[in-house]
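# An overview of the molecular structure
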Amino acid sequence: MKITVVGAGAVGASCAEYIAIKNFASEVVLLDIKEGYAEGKAMDLMQTASLNGFDTKITGVTNDYSKTANSDVCVITSGIPRKPGMTREELIGINAGIVKAVSSSLIEHSPKTIVIVVSNPMDTMAYLVHKSTNLPKNRIIGMGGALDSARFKYRLAEALGGPISDVDGMVIGGHSDTGMIPLTRLATRNGVSVSEFLSEDRLNQVKEDTKVGGATLTKLLGTSAWYAPGAAVSGMVQAIVCDTKKVFPCSALLEGEYGFSDICLGVPVILGKNGIEEIITITLNDAEKANMAESAKGVKAVNDLL
Ligand SMILES: NC(=O)c1ccc[n+]([C@@H]2O[C@H](COP(=O)([O-])OP(=O)(O)OC[C@H]3O[C@@H](n4cnc5c(N)ncnc54)[C@H](O)[C@@H]3O)[C@@H](O)[C@H]2O)c1
């Protein structure tokens with residue numbers, strides 16, 4: 001299986017590294033517009049192969065889409081990241097042009113590909129790819145919820161004082177500080193509701209810490225994070241390539257699900273060889289429904305800027 005990752009920056013390179021280390025793909029092509037940058041990242045990563053024990057071949061190219069031909073999955077991470085104090089929405093002006101041009105070049109060379117959109121503001125960028133290409137909706141997937149859910153589980157484990165492997169939970173809604181909806185009501189510690197262990201106040205704190213998870217890291221790092229985003233993308237690529245049918249919250253084009261249409265929003269989906277195999281409709285309570293409506297409103301307002 002051949003995977004292309006566009007953008008050999010922090011997230012793209014981390015994503016390529018995790019894909020290679022998990023050893024499920026034969027080839028990863030890293031593409032960047034900056035002369036020699038992807039080639040350098042690919043060479044550095046290939047020099048970890050004997051140390052980390054993987055056989056995936058990573059090649060780097062400068063803006064040459066012919067080298068990406070017939071990719072099974074293409075990941076778009078190209079674009080600018082946010083700086084401290086910025087929102088993801090503020091990136092739209094520059095990133096929309098990049099994502100539109102990149103997706104069109106990718107699809108020209110890999111018409112059967114599945115596209116994973118990472119560049120921010122991600123829900124709007126995924127929507128833009130839907131609007132500007134003819135790919136069926138199951139083949140365009142936005143990555144946000146997989147990362148936000150990992151951050152949610154991190155915060156839950158911290159509050160519980162237990163291992164993350166005991167924790168399950170999901171974040172749906174828009175991939176923004178205000179739009180995320182960590183579903184504390186459905187989160188569990190080894191099958192037991194987390195509300196058995198944590199007060200409502202503590203759970204609300206977990207929720208708020210999760211929503212600003214990206215901003216917290218951006219402030220500490222001076223730019224947005226890359227390890228967890230790269231790992232989240234690699235998990236989604238693996239589910240597609242290995243046809244695992246695992247459930248991830250992803251930004252998917254909605255056509256009536258959850259009461260919304262003509263919008264990409266984070267909802268639980270089953271990922272497999274066809275990309276989005278199914279959108280799962282979970283029963284939300286009134287408060288969660290109201291949160292989803294607010295979240296959708298926020299994403300629509302950004303979509304209107306396109
Ligand atoms: N969806 C998520 O959960 C999530 C998480 C983290 C970051 N992001 C987003 O991912 C994007 C990348 O973040 P990063 O930290 O890797 O940034 P980065 O600056 O480290 O890397 C971006 C790379 O894109 C390249 N690039 C720019 N224009 C290009 C083009 N037209 N064609 C090919 N390459 C091009 C740049 O040269 C650069 O190497 C940002 O928009 C960021 O906000 C999303």
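Residues numbered from 1 in each chain as written. Predicted model: local features only at pLDDT ≥ 70, side-chain atom pairs only at ≥ 80, totals over all residues.

Put simply, the test is: UniProt positions are given in the numbering used here, feature names are shortened, and annotations may be inferred rather than shown by experiment.
The name that an unreviewed UniProt entry assigns to the chain is Malate dehydrogenase, with the source organism given as Mariniflexile litorale. UniProt annotates the chain under Sequence similarities (unreviewed entry) with the comment "Belongs to the LDH/MDH superfamily."

## Focus on the sheet that holds strand E7 (residues 167-168)
Note the following rule: Strand pairing is assigned whenever DSSP identifies at least 2 bridges connecting the two strands. Strands are runs of DSSP state E lasting at least 2 residues, helices are runs of H or I lasting at least 4, and numbering of each runs from the N terminus.
On the basis of which strands lie adjacent, the open sheet formed by three strands has the order E7-E10-E11 and antiparallel pairing. Strand pairing shows two members of the sheet lacking a second neighbour, E7 and strand E11 (192-193), which therefore form its edges. In terms of strand pairing, E7 meets strand E10 (residues 188-189) through two bridges, oriented antiparallel. Residue pairing in the sheet places Val 167 in a bridge with Arg 189 of E10.

## Some details on the UniProt feature "active site" (unreviewed entry) in the chain
Where we set the bar: Exposed residues have 12 or fewer other C-beta atoms within 10 Å of their own C-beta, buried residues have 20 or more, and residues in between are partly exposed; the C-beta atoms are placed from the backbone. With C-beta atoms placed from the backbone, a contact is any residue pair whose C-beta atoms sit within 7 Å.
The UniProt record annotates "active site" (unreviewed entry) at His 175. Take His 175: there are 31 C-beta atoms within 10 Å of it, and that puts it in the buried class. Those residues within four positions of His 175 in sequence are excluded, and the remaining contacts are Arg 88, Met 122, Asp 123, Gly 144, Asp 148, Met 180, Ser 251 and Gly 266.

## Quick word on helix H7 (residues 200-211)
Let me state the cut-off plainly: By definition here, a helix of n residues has an expected span of 1.5 Å times n minus one. Regarding the arc, it is the one traced by the directions from the helix axis to the C-beta atoms.
Taking 1.5 Å per residue as the helical rise, H7 with its 12 residues ought to reach 16 Å, and the 17 Å between its terminal C-alpha atoms agrees with that figure. All buried positions along H7 are accounted for by Leu 203, Val 206, Thr 210 and Lys 211. Looking straight down H7, one finds that the buried residues subtend no more than 130° of arc, so they occupy a single side. As for H7, its buried residues are in contact with helix H6 (145-160), strand E8 (171-173), strand E9 (180-182) and helix H8 (213-221).

## Structural notes on the site of the ligand
As a reminder of what qualifies: Any residue qualifies as near a molecule or strand once its backbone-derived C-beta atom lies within 6 Å of it. Each residue is assigned to one of three groups, with Ala, Val, Leu, Ile, Met, Phe, Trp, Tyr, Cys and Pro labelled nonpolar, Asp, Glu, Lys and Arg labelled charged, and all others, Gly among them, labelled polar.
Around the ligand, the surrounding shell holds 34 residues, and the nearest of these are Gly 7, Gly 9, Val 11, Ser 78 and Asn 120. Among the elements of the structure, helix H1 (10-22) and helix H4 (92-109) are those that each provide at least two residues to the shell around the ligand. When grouped by side-chain class, the residues that make up the shell around the ligand number 18 nonpolar, 13 polar and three charged.

## Looking at the environment of Tyr 18
Among the secondary structure elements, Tyr 18 is positioned in helix H1. Between the C-alpha atom of Tyr 18 and that of Leu 91, which follows or precedes it by 73 residues, the distance is 26 Å. The residues touching Tyr 18, leaving out its near neighbours within four places in the chain, are Gly 230, Ala 231 and Ser 234.

## Observations concerning the pairing of strand E14 (residues 275-279)
By the bridge criterion, four bridges tie strand E13 (residues 261-272) to E14 in an arrangement that is antiparallel. Bridge pairing in E14 links Gly 272 to Gly 275. Counted along the chain from E13 to the antiparallel partner E14, the turn is two residues long.

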